[in-house]
Every structure is written in C-alpha cells, then in structure tokens.
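An overview of the molecular structure
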Amino acid sequence: MNGASHLVGGVTAAMVLGIHSPAQLAVVAVSSLLPDIDRQNSLLGRCIPVLPSVLEATFGKRTLTHSIIFGLCVWLLLSIHSSWQWPFLIGYVSHLLLDVITGRVALLWPIPWKFGIPLFGIPPVFVETAAMAAWGAWMVLGGYSYFYIT
Ligand SMILES: [Zn+2]
C-alpha cells in the first residue's frame, strides 16, 4: 500500500478505537508510516536523509522495520511517554495488517519467513483501490461521525 492508504487506515482505526486527541493522532500518523522507512521513496522515507537507503540496502524491504520485534522495541521506547504507546500500536499494527493483505512481510524478522494473505489472487493495487473505495463509501454512510478532535 502507499503512504496515503496507510495514513487513512491508521487514523481511521485509531478514531474508531476512541483516539481523538491531536497529539495521539500525530503518533498514529507517524507510526502508520514508520515501517516504510525502509524505502527511500516512501512518504516518511522521503523526509529522512540516508536512513531509508541504508535500511533498504542492508536488510531489504518489509523486513526489520515491518517486524514484531521492531514494533516491540519502539513500543518499549515509548514507555517514557505511555500515552503514546496505544496510539503507536494502532498505527503500527494497521500498517502491518494492510501490508500483509497486499504483499509479503517478514513479521518474524530476523527469521526470513514472509507472511502474506493473498485475497483470491486479486492484484494488490486492486485490493488497495477497493479498500479506499469501501472507506469512502463508509464515510458517506456515516463513518465520518467517528472523526472529531477533542
Ligand atoms: Zn510497509
């Protein structure tokens, strides 16, 4: 999925789960994009010099930064600001789930197994487009009521 889709997925999940504070939504936004810092052309990767190209060259795509161990380490680091842990988890897990249905992810890195759930062989671009269309329909039908800032 592209960055915009991850952002929409993460923020939507957070708002449905009751996150409405701007600071926590900012954490959700960053964490929903964070795994793709292993790609230079990702939404977050374009804002960070050097690191994405080093990660991509060293570990490959959808490995270290898409792993449970990486998410756990960041989650533990955020224990210094515990009100950010739940928003981080929502954004990070939403990213992994969306990547799993549109590709293959090394969730157990450094074990090289990659996990993916092919949706009836439908090409990922169609899955992403259908997901965004479903999101748009849901918004029109009242999903927008979850979207407010406190
Ligand atoms: Zn990703």
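Note that the structure is a prediction, hence the values are computed from the model and not measured. The numbers attached to residues start from 1 for each chain and follow its sequence in the written order. Since the coordinates come from a predicted model, pLDDT governs what is reported: local features require at least 70, and pairs of side-chain atoms require 80 or more to be given and counted, while whole-chain, interface and lining totals use all residues. Only hydrogens and water are set aside when side-chain values are computed; all heavy atoms of the structure are taken into account.

**With respect to the UniProt feature "transmembrane region" (unreviewed entry) in the chain**
Under the present numbering, the feature "transmembrane region" (unreviewed entry) in UniProt falls on residues 63-81, 88-109 and 129-149. Numbering of helices and strands starts at the N terminus; helices are DSSP runs of H or I of at least 4 residues and strands are runs of E of at least 2. From the first C-alpha to the last, residues 63-81 spans 26 Å; its make-up is 53% helix and 0% strand. Structurally, residues 88-109 is divided into 68% helix and 0% strand, and its ends, taken at the C-alpha atoms, are 20 Å apart. UniProt positions are given in the numbering used here, feature names are shortened, and annotations may be inferred rather than shown by experiment.

**Some words on the packing of aromatic side chains**
Geometry of aromatic contacts follows a simple scheme: Phe, Tyr and Trp rings, the Trp one being its six-membered ring, pair when their centres are within 6.5 Å, and the pair is stacked under 30 degrees between planes, edge-to-face over 60, tilted otherwise. Considering all chains together, one arrives at five aromatic pairs under this definition. Measuring from centroid to centroid gives 6.2 Å for F70 and Y92, while their planes differ by 35°, and the two rings are tilted. Within this pair, whereas F70 is found in helix α4 (residues 68-77), its partner Y92 is found in helix α5 (residues 85-102), the two being separated by 22 residues in sequence. An identical accessibility class is assigned to F70 and Y92; each is buried. Between W138 and F147, the aromatic rings sit 6.5 Å apart at their centres with planes inclined by 65°, giving edge-to-face as the arrangement. An aromatic cluster of at least three residues, connected via ring pairs, comprises F70, F88 and Y92. Remark: exposure states derive from per-residue accessible area (1.4 Å probe, protein chains only) relative to the maximum for the residue type, with buried under 20%, exposed over 50%, and partly exposed in between.

**Considerations on the coordination of the zinc ion**
The rule for donors is simple: an N, O or S atom within 2.8 Å of the metal counts, and for Na, K and Ca the reach is 3.2 Å. Water is not among the atoms, so a site may look short of donors. For the zinc ion, the full set of protein donor atoms is D36 (OD), H66 (NE2), H95 (NE2) and D99 (OD), and the range of their distances to it is 1.9 to 2.2 Å. For four-coordinate sites, all angles between 85 and 135 degrees define a tetrahedron; for four- and six-coordinate sites, opposite donors beyond 155 degrees with the remaining angles between 65 and 115 define square planar and octahedral shapes respectively, and all other cases count as irregular. Around the zinc ion sit four donor atoms, and with donor-metal-donor angles ranging over 90 to 166° the site reads as irregular. For the zinc ion, the single-chain donor residues occur in sequence as D-x29-H-x28-H-x3-D. With a gap of 63 residues between them, D36 in the loop between α2 (22-33) and α3 (51-59) and D99 in helix α5 connect regions that are remote in the sequence. One exposure class covers both D36 and D99, and it is buried.

**Some thoughts on helix α1 (residues 3-16)**
Residues separated by three or four positions in an α-helix point in the same direction, a consequence of the helix having 3.6 residues per turn. Here the expected length of a helix is defined as 1.5 Å per residue gap, with one fewer gap than residues. Its 14 residues place the ends of α1 20 Å apart at the C-alpha level, agreeing with the 20 Å of an ideal helix rising 1.5 Å per residue. Within α1, the full set of buried residues consists of G3, S5, H6, G10, T12, A14 and M15. Note on contacts: a residue pair qualifies if any of its non-hydrogen atoms lie within 4.5 Å across the two residues. Taken together, the buried residues of α1 touch α2, α5 and α6 (124-140). Polar contact is the term for a pair of N or O atoms within 3.5 Å; when the atoms are in protein, one must be able to donate a hydrogen and the other to accept it, and sequence-neighboring residues count only if both atoms are side-chain atoms. The opening residue of α1 is N2, an N-cap whose side-chain oxygen sits 3.1 Å from the backbone nitrogen of A4. A positive phi of about 100° marks G18, the residue just after α1.

**Topic: a nonpolar patch on the surface**
Put simply, a patch holds well-exposed residues, over 30% relative accessible area, that have no salt bridge, with like charges counted together within 9 Å and Val, Leu, Ile, Met, Phe, Trp or Tyr side chains within 5 Å. Here, Shrake-Rupley sampling with a 1.4 Å probe gives the accessible areas, and only protein chains in the shown set may cover a residue. When a carboxyl oxygen of Asp or Glu lies within 4 Å of a side-chain nitrogen of Lys or Arg, that pair is called a salt bridge. A cluster of nonpolar side chains, L17, I69, L72, W75, L76, W86, L89, V93 and L97, forms an exposed patch at the surface whose accessible area comes to about 820 Å². Looking at the nonpolar patch, the elements that each hand over two or more residues are α4 and α5. By secondary structure assignment, the location of W86 is in helix α5. On the basis of relative accessibility, which here comes to 45%, the residue W86 falls in the partly exposed class.

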